[in-house]
Amino acid sequence: MDNCIFCKIIKGDIPSHKIYEDDTFVAILDIFAATKGHVLILPKRHAADMYDLTESEAAGLIPLAKKIAEKINATLSPDGLNVLQNNGKTAGQEVFHYHMHLIPRYNGDGIKFFKSAPQTPQDVLEKLAKELKI
Ligand code: 5GP
Ligand code: ZN
């Protein structure tokens with residue numbers, strides 16, 4: 001993809017700080033790090049979002065995320081870590097080449113991803129669970 005910033009990073013046309021690379025994935029430090037150690041895992045093949053991943057790419061992501069998170073924990077000793085992945089503009093996706101965020105969390109860092117919401121009524125949950133069942 002000619003206009004994709006992450007494809008350019010993967011090709012080496014734009015510099016980045018890589019912490020991991022194999023035939024399928026690279027992991028880089030986020031240039032606008034939400035916290036110290038914010039990492040992005042990218043498939044080398046251009047895939048716009050989660051729906052675009054192959055089954056094999058999808059299957060490779062969690063083991064790699066776990067490995068990198070363990071390295072972050074061993075090196076930076078955060079107090080927690082968020083795994084975040086945005087699909088679509090409304091969900092906050094800004095770069096349309098799939099990436100999984102690993103965001104180490106530190107006590108008092110002030111980051112909030114979700115606002116608290118009122119409890120959903122049982123009948124609404126029951127109906128929705130039927131609709132979403134696979
Ligand atoms: P999104 O909002 O699409 O889930 O996240 C895009 C992420 O890519 C953001 O966290 C942003 O800081 C990061 N990002 C955007 N441009 C660059 C870049 O040129 N280099 C690196 N390393 N990260 C980038
Ligand atoms: Zn791309």
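Look up: the structure comes first, before these words.
As a further point, take the site of ligand 1. With respect to spatial proximity, 16 residues lie near ligand 1, and among them Asp30, Gly92, Glu94, His99 and His101 are the closest. With respect to ligand 1, the backbone of Gly92 contributes an N or O atom lying 2.8 Å from an oxygen atom. For ligand 1, an oxygen atom lies 2.8 Å from a polar atom in the side chain of His99. For ligand 1, whose unbound accessible area comes to 520 Å², protein coverage reaches 86%. Where the shell around ligand 1 is concerned, the elements lending two or more residues are helix H1 (5-11) and strand S2 (25-29). Looking at side-chain class alone, the shell around ligand 1 contains nine nonpolar, five polar and two charged residues.

Protein-derived coordination of the zinc ion (ligand 2) comes from Cys4 (SG), Cys7 (SG), His46 (ND1) and His97 (ND1), at a distance range of 2.0 to 2.3 Å. Relative to the metal, the four donor atoms surrounding the zinc ion (ligand 2) lie at angles of 105 to 116°, and the coordination shape comes out tetrahedral. We note that the donor set of the zinc ion (ligand 2) lies within a single chain, spaced as C-x2-C-x38-H-x50-H. Within this pair, whereas His46 is found in the loop between strand S3 (39-43) and helix H2 (55-76), its partner His97 is found in the loop between strand S4 (80-84) and strand S5 (100-105), the two being separated by 51 residues in sequence. Here the two residues His46 and His97 agree in accessibility, since each one is buried.

Glancing now at the pattern of salt bridges. Under the criterion given, the structure shown has eight salt bridges. Connected via shared salt-bridge partners are Lys18, Glu21 and Lys44.

Taking strand neighbours across the sheet as the criterion, the five strands line up as S1-S2-S3-S5-S4 in an open arrangement whose pairing is antiparallel. The two strands at the open ends of the sheet, each matched to only one other strand, are strand S1 (18-21) and S4. With strand direction ignored, the average angle separating the axes of adjacent strands in the sheet is 15°. Relative to S5, S4 runs antiparallel, the two sharing five bridges. The partner of Val83 across the bridge, within S5, is Leu102. Lying on the sheet, H2 is in contact with S1, S2, S3, S4 and S5; it crosses S5 at an angle near 20°.

Rules used in this analysis
- Residues numbered from 1 in each chain as written.
- Chains lettered and ligands numbered in written order.
- Predicted model: local features only at pLDDT ≥ 70, side-chain atom pairs only at ≥ 80, totals over all residues.
- Heavy atoms only, no water.
- Near = heavy atom within 4 Å.
- Polar contact = N/O pair within 3.5 Å; in protein donor to acceptor, adjacent residues only side chain to side chain.
- Areas by Shrake-Rupley, 256 points an atom, 1.4 Å probe, with all protein chains shown as cover.
- Helix = DSSP H or I, 4+ residues; strand = E, 2+ residues; numbered from the N terminus.
- Nonpolar A, V, L, I, M, F, W, Y, C, P; charged D, E, K, R; others polar.
- Donors = N, O, S within 2.8 Å, 3.2 Å for Na, K, Ca; no water.
- Tetrahedral: all angles 85-135°; square planar, octahedral: opposite > 155°, others 65-115°.
- Buried < 20%, exposed > 50% of the residue type's maximum accessible area, 1.4 Å probe, protein only.
- Salt bridge = Lys/Arg side-chain N within 4 Å of Asp/Glu carboxyl O.
- Pairing = 2+ DSSP bridges.
- Axes fitted to C-alpha atoms, helices over the stretch in contact; angles between N-to-C directions.
- Contact = heavy atoms within 4.5 Å.

Purely spatial values, then, with no claim about function.
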